[in-house]
Amino acid sequence: MLVTRTKSKIWVRNNNSPNFSCPSFKDIQTLFSDDSNSTYSPIPTKKPNIFHRVRRVNAILRALTNRPGPDFQPKPESTRKSDPLIQIPGAEKKIVIYFTSLRVIRSTFDDCKTVRSILRSFRVSIDERDVSMDAGFMEELKTILGKKTKLSLPRVFIGGRYIGSAEEIRQLHEAGELKKYVEGLIPADFSTCEVCGGHRFVLCDECRGSHKCYSEKGGFRTCTGCNENGLIRCPSCYYAPITLL
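Identification of the chain as Glutaredoxin domain-containing protein from Anisodus tanguticus is taken from an unreviewed UniProt entry.

Written out as structure tokens, the structure is:
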């Protein structure tokens, strides 16, 4: 005789068994826990490493050490190093800055950009000489500062007098002394040159910017009327070459 089994509706709870048999649900089990005092953070917060703390402290100490005091009066680089006075003839009423617009070296590009922004804020006449547009500007700078000088950009001359690089300009500006150097200079002319459009350079008429000329007898030859980029300085914005006194 067969005995039929009936389904029991009585649920037996076993406190010894875990709520979830799958260990991958342990986070869900914690989330739905009845314990209100327990907190769950899905992304653990990582405390700063000891090396990060030391680096932050060193950065703060450097900033406090290099910060100019109330009596700080920076002087041009040429006078601090007891070098002879370096001047540019014909630039007594304007600012001359040698810089580069290339981003090959990011720190140099940032320094040039910062210095140009500071100088432009005074709204005085600025002669910007981009060495990446014409290598002749770098030769001029070497002639002025000397062949043995390790050149770094930018280099600034105010009123025809050599002031220094980006570090000197920042210090003078932060101390409020830079505005004294630009007093009496020619105000900036915001009009655009009709010949070059403000670029200070135009294409060479002889080679049309290719820096190469062709002749039937000699074939291709290097154009001698332009720079390495096939450009010539704008005849309307052109200034006389530097001659060191």
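Moving on from the coordinates now.
Caption draft 1: Region of the structure containing the nonpolar core. One finds Ile-95, Tyr-98, Val-156, Phe-157 and Ile-158 to be the most contacted residues of the largest nonpolar core, which totals 32 residues. Elements that contribute at least two residues to this core include exactly β1 (95–99), α4 (106–120), α5 (136–145), β3 (155–158), β4 (161–164) and α6 (166–174). Residues Cys-204, Cys-207, Cys-223 and Cys-226 belong to the second largest nonpolar core, which totals five residues.

Caption draft 2: Summary view of a nonpolar patch on the surface. A surface patch of nonpolar side chains, about 320 Å² in accessible area, is lined by Leu-102, Val-104 and Ile-105. Within the secondary structure, Ile-105 is located in the loop between β1 and α4.

Caption draft 3: View of the side chain of Glu-140. In this structure, Glu-140 sits in helix α5. Residue class for Glu-140 comes out buried when judged on its relative accessible area of 10%. In this structure the side chain of Glu-140 is engaged in a polar contact, spanning 3.2 Å, whose partner is the side chain of Tyr-98.

Caption draft 4: Representation of α4. Over its 15 residues, α4 runs 21 Å from end to end, which matches the ideal 21 Å to within 8%, given 1.5 Å per residue. Burial in α4 covers these residues: Thr-108, Phe-109, Cys-112, Val-115, Ile-118 and Leu-119.

Caption draft 5: Examining the sheet that holds strand β2 (residues 126–130) more closely. Strands sit in the order β2-β1-β3-β4 across an open sheet of four strands; the sheet is mixed. Each of the sheet's edge strands pairs with one partner strand only, and the pair in question is β2 and β4. Here the average twist between neighbouring strands, direction ignored, is 20 degrees. Pairing of β3 with β4, which is carried by three bridges, proceeds in the antiparallel orientation. Each bridged residue has a counterpart across the sheet, and for Ile-158 the counterpart in β4 is Arg-161.

Caption draft 6: Inspection of the environment of Gly-230 at higher detail. For Gly-230, the location among the structural elements is in the loop between β7 (219–222) and β8 (231–233). The spatial distance from the C-alpha of Gly-230 to the C-alpha of Lys-212 is 8.3 Å, given a sequence separation of 18 residues. Leaving out residues up to four positions away in the same chain, Gly-230 has contacts with Val-202, Leu-203, Cys-204, Gly-209 and His-211.

Caption draft 7: Up close: α5. Every buried residue of α5 is accounted for by Phe-137, Glu-140, Leu-141, Ile-144 and Leu-145. The buried residues of α5 occupy an angular sector of 115 degrees when the element is viewed end-on, so they sit on one face. Looking at the buried positions of α5, the neighbouring elements they touch are β1, β2, β3, β4, β5 (201–203) and β8. In the stretch just after α5, Gly-146 is the one whose phi turns positive, near 105 degrees.

Caption draft 8: Local environment of the pattern of salt bridges. Scanning the model with the defined rule gives 13 salt bridges in all. The residue Arg-233 makes a salt bridge to Glu-140 at a minimum N-O spacing of 3.5 Å. Here Glu-140 lies in helix α5 and Arg-233 lies in strand β8, a separation of 93 residues in the sequence. The pair Arg-233 / Glu-140 is uniform in exposure class, with both members buried. Note that Glu-206 is salt-bridged to Arg-221, the shortest N-O span being 3.2 Å. Residue Glu-206 is located in the loop between β5 and β6 (212–215), and its partner Arg-221 is located in strand β7; the two are separated by 15 residues in the primary sequence. The exposure class assigned to Arg-221 is partly exposed, which follows from its relative accessible area of 39%. A network of salt bridges, in which partner residues are shared, links Lys-94, Asp-127, Arg-129, Asp-134, Glu-140, Arg-200 and Arg-233.

Caption draft 9: Molecular detail of the packing of aromatic side chains. Counting across every chain of the model gives four aromatic pairs. Relative to Phe-201, the ring of Phe-137 lies with its centre 6.1 Å away and its plane at 70 degrees, an arrangement referred to as edge-to-face. On the criterion of sequence distance, the pair formed by Phe-137 in helix α5 and Phe-201 in strand β5 is long-range, its members being 64 residues apart. Using a relative accessible area of 3% as the deciding quantity, one classes Phe-137 as buried. For the pair Tyr-214 and Phe-220, a centre-to-centre distance of 5.0 Å together with 55 degrees between the ring planes defines the contact as tilted. Here Tyr-214 matches Phe-220 in class, with each residue exposed. Joined through ring pairs, the aromatic side chains of Tyr-98, Phe-157 and Tyr-162 make up one cluster.

Rules of the game
Residues numbered from 1 in each chain as written. Predicted model: local features only at pLDDT ≥ 70, side-chain atom pairs only at ≥ 80, totals over all residues. Heavy atoms only, no water. Core = buried A, V, L, I, M, F, W, Y, C linked by side-chain atoms within 4.5 Å. Buried < 20%, exposed > 50% of the residue type's maximum accessible area, 1.4 Å probe, protein only. Helix = DSSP H or I, 4+ residues; strand = E, 2+ residues; numbered from the N terminus. Patch = residues over 30% accessible without salt bridge, like charges linked within 9 Å, V, L, I, M, F, W, Y side chains within 5 Å. Areas by Shrake-Rupley, 256 points an atom, 1.4 Å probe, with all protein chains shown as cover. Salt bridge = Lys/Arg side-chain N within 4 Å of Asp/Glu carboxyl O. Polar contact = N/O pair within 3.5 Å; in protein donor to acceptor, adjacent residues only side chain to side chain. Expected span 1.5 Å × (residues − 1). Pairing = 2+ DSSP bridges. Axes fitted to C-alpha atoms, helices over the stretch in contact; angles between N-to-C directions. Contact = heavy atoms within 4.5 Å. Arc of directions from axis to C-beta. Phe/Tyr/Trp six-rings, centres within 6.5 Å; stacked < 30°, edge-to-face > 60°.

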